[in-house]
Amino acid sequence: MNYWQEEDLKYIWHPCSQMKDYEDLPPIVIEKAQGINLYDTVGNCYKDVVSSWWCNLLGHCNPRINQAIKKQLDKLEHVIFANFTHKTAITLCQKLIEVLPKGLCKFNFADNGSAAVEMAMKMSFQFHQQVGNTHKKRFMALTDAYHGETIGALSVGACDLYTEIYKPILLDVEKVPAPDCFRCPYGKCRDNCACECFEKAEKTFEKYGNEACAMLVEPLLQGSAGMKVYPALYLTKLRTLCDKYNVHLIADEIATGYGRTGKMFAFDHAGVSPDIMCLSKGLTGGYMPMSICVTTQEIYDAFYDDYNKGKAFMHSHTYAGNPLACSAAIEVLNILKDENIIEKANENAKYFNQIIRDKFENLPYVGEVRHIGLINAIELVKNKTTKEPFESELRVGYQIYKKALKKGVLLRPLGNIIYFNPPLIIERGDMDFVTDISKECMLEVIASL
Ligand SMILES: *Cc1c(COP(=O)(O)O)cnc(C)c1O
């Protein structure tokens, strides 16, 4: 361990980590980055194919975003956002409205994804209270969902790894069994099914729809659950069902927005709009902590009244509307448009998926290769026929992760699911490289099982 690693471990408690693992794998000290490359202090390079927790959209140290932030920095770094405003935030909203699903037109700012989810939940709850639906007090969400780490966001999440210990203090949320296309209980295939599993949502709504204020979803892709992909038809049906029961549909597009699924937003695949949409991650290109909760005129209007009626949304975050973050977010939208980023990424996505299928699909223990946009996931299973998973204690994914790091590729498997979620600007040479290395590492680990 070098000096900086020792000092790091003296002071820093890293997120989502068992710190004891660092005895064996000390933190990698990154000094600079460019495109998809991260460079450490001792001369190693790592290909960041997880977009640094899915937020880096257009490469590290993107010259245009760097320039935009520097320009903003010399004018205004931050200002209180109640009663005060600034052109950068306004311009961002003008630009976002052009690309958002229709009907979403009121923007409330926060500084991380979980905070945006909390805000969406409070907004929906308060809306129903203020329009006379006082019986609507519960939330619904999908099983296997992930919406963040604060208490409210954890309540609507369902990944046991994150929620289990906190269950006694979480909200009582009704969970709709999520689509499970890899292990489809109806024996269908996600490319041409009729979402037979939607009957489970219908049943849950029959029971709890009347007392629910909102249903949250990660559209098309349950990320933390292991990059589980499901059809857009499910969202279209969910829109109709939510309307029937007067339940808000909250789209958590924190991971799926900004071209990750091949369109600007995952909901664009479904041709319907949610009532509230949460954005973060790609929003600033992975530069600055910012999130936005966008909603409709109808929801906004239910809070609009004389002050003493007490209907205002009294939610705030100190860093709401931060100008530096807004300047990055504007430049991200400019780049996506000027450089046809999503179109080009979709062309490359075909190539990426093809080589991944070619290299991995026939390997032992590979249960499924699934993809959406540039996101590709390889689910490893103990038994290819029964799809029985590996025991989590084996930490198969983690072993592959450690080997890949040594060879210059940053994967961060979700359990036994190895995935790639690279910046949209990844080039084909890097796709070849990272898939070759990942395959090598996977074979080594498999051989040792
Ligand atoms: C990352 C993520 C969040 C939480 O965002 P943070 O900024 O980490 O709080 C919420 N929902 C989804 C779908 C995410 O991927």
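This text gives an overview of the structure that appears in the document. What you are looking at is a predicted structure, and each value in this text was computed from that prediction instead of being measured. (Residues numbered from 1 in each chain as written. Predicted model: local features only at pLDDT ≥ 70, side-chain atom pairs only at ≥ 80, totals over all residues. Heavy atoms only, no water.)

What follows concerns the nonpolar core. M215 and L336 are the most contacted members of the largest nonpolar core, which totals 112 residues. Filtering out sequence-adjacent residues up to four positions away, M215 remains in contact with M140, A141, L142, V176, F205, L238, C242, V247, H248, L249 and I250. (Core = buried A, V, L, I, M, F, W, Y, C linked by side-chain atoms within 4.5 Å. Buried < 20%, exposed > 50% of the residue type's maximum accessible area, 1.4 Å probe, protein only. Contact = heavy atoms within 4.5 Å.)

Of note in the backbone geometry, S51 takes a positive phi value of approximately 50° without being a glycine. Position of S51 among the secondary structure elements: in helix α2 (residues 51-54). In this structure, K281 takes a positive phi of about 25° despite not being glycine. Inspection of the secondary structure puts K281 in the loop between β11 (276-279) and β12 (291-295). Residue class for K281 comes out partly exposed when judged on its relative accessible area of 24%. (Helix = DSSP H or I, 4+ residues; strand = E, 2+ residues; numbered from the N terminus.)

Let us now look at the sheet that holds strand β2 (residues 37-40). Judged by pairing direction, the sheet is mixed, and its 4 strands sit side by side in the order β1-β2-β3-β16 without closing on themselves. Each edge of the sheet is formed by a strand with only one pairing partner; in this case those strands are β1 (30-34) and β16 (409-410). With 2 bridges connecting them, strand β3 (residues 45-48) and β16 associate as parallel partners. Across the sheet, residue D48 finds its bridge partner in β16, namely L410. (Pairing = 2+ DSSP bridges.)

Around the ligand, the surrounding shell consists of W54, N112, G113, S114, Y146, H147, G148, E218, D252, I254, A255 and K281. Measuring from an oxygen atom of the ligand, one finds a side-chain N or O atom of S114 at 2.6 Å. K281 is positioned such that a nitrogen or oxygen atom in its side chain is 2.6 Å from an oxygen atom of the ligand. Protein chains bury 83% of the 380 Å² of accessible surface belonging to the ligand in isolation. In the shell around the ligand, the residues fall into 4 nonpolar, 5 polar and 3 charged. (Near = heavy atom within 4 Å. Polar contact = N/O pair within 3.5 Å; in protein donor to acceptor, adjacent residues only side chain to side chain. Areas by Shrake-Rupley, 256 points an atom, 1.4 Å probe, with all protein chains shown as cover. Nonpolar A, V, L, I, M, F, W, Y, C, P; charged D, E, K, R; others polar.)

In contact at an axis separation of 9 Å, helix α4 (residues 87-99) and helix α11 (residues 323-338) are set at 35° when each is read in the N-to-C sense. The two elements α4 and α11 meet at a crossing, and its hand is left-handed. Across the interface between the two elements, T88, A89, T91, L92, K95, L96, E98 and V99 from α4 touch P323, C326, S327, A329, I330, L333, N334 and K337 from α11. Among the residues forming the contact of α4 with α11, the class breakdown is 9 nonpolar, 4 polar and 3 charged. (Axes fitted to C-alpha atoms, helices over the stretch in contact; angles between N-to-C directions. Left-handed = near helix turned anticlockwise from the far one by under 90°.)

With that settled, the discussion passes to helix α9 (residues 233-244). Over its 12 residues, α9 runs 17 Å from end to end, which matches the ideal 16 Å to within 8%, given 1.5 Å per residue. The complete set of buried residues in α9 reads Y234, L235, L238, R239, L241 and C242. Contacts made by the buried residues of α9 are with β5 (138-142), β6 (174-176), α8 (198-208), β7 (212-217) and β10 (248-252). Once α9 ends, the next one or two residues include N246, with phi positive near 55°. (Expected span 1.5 Å × (residues − 1).)

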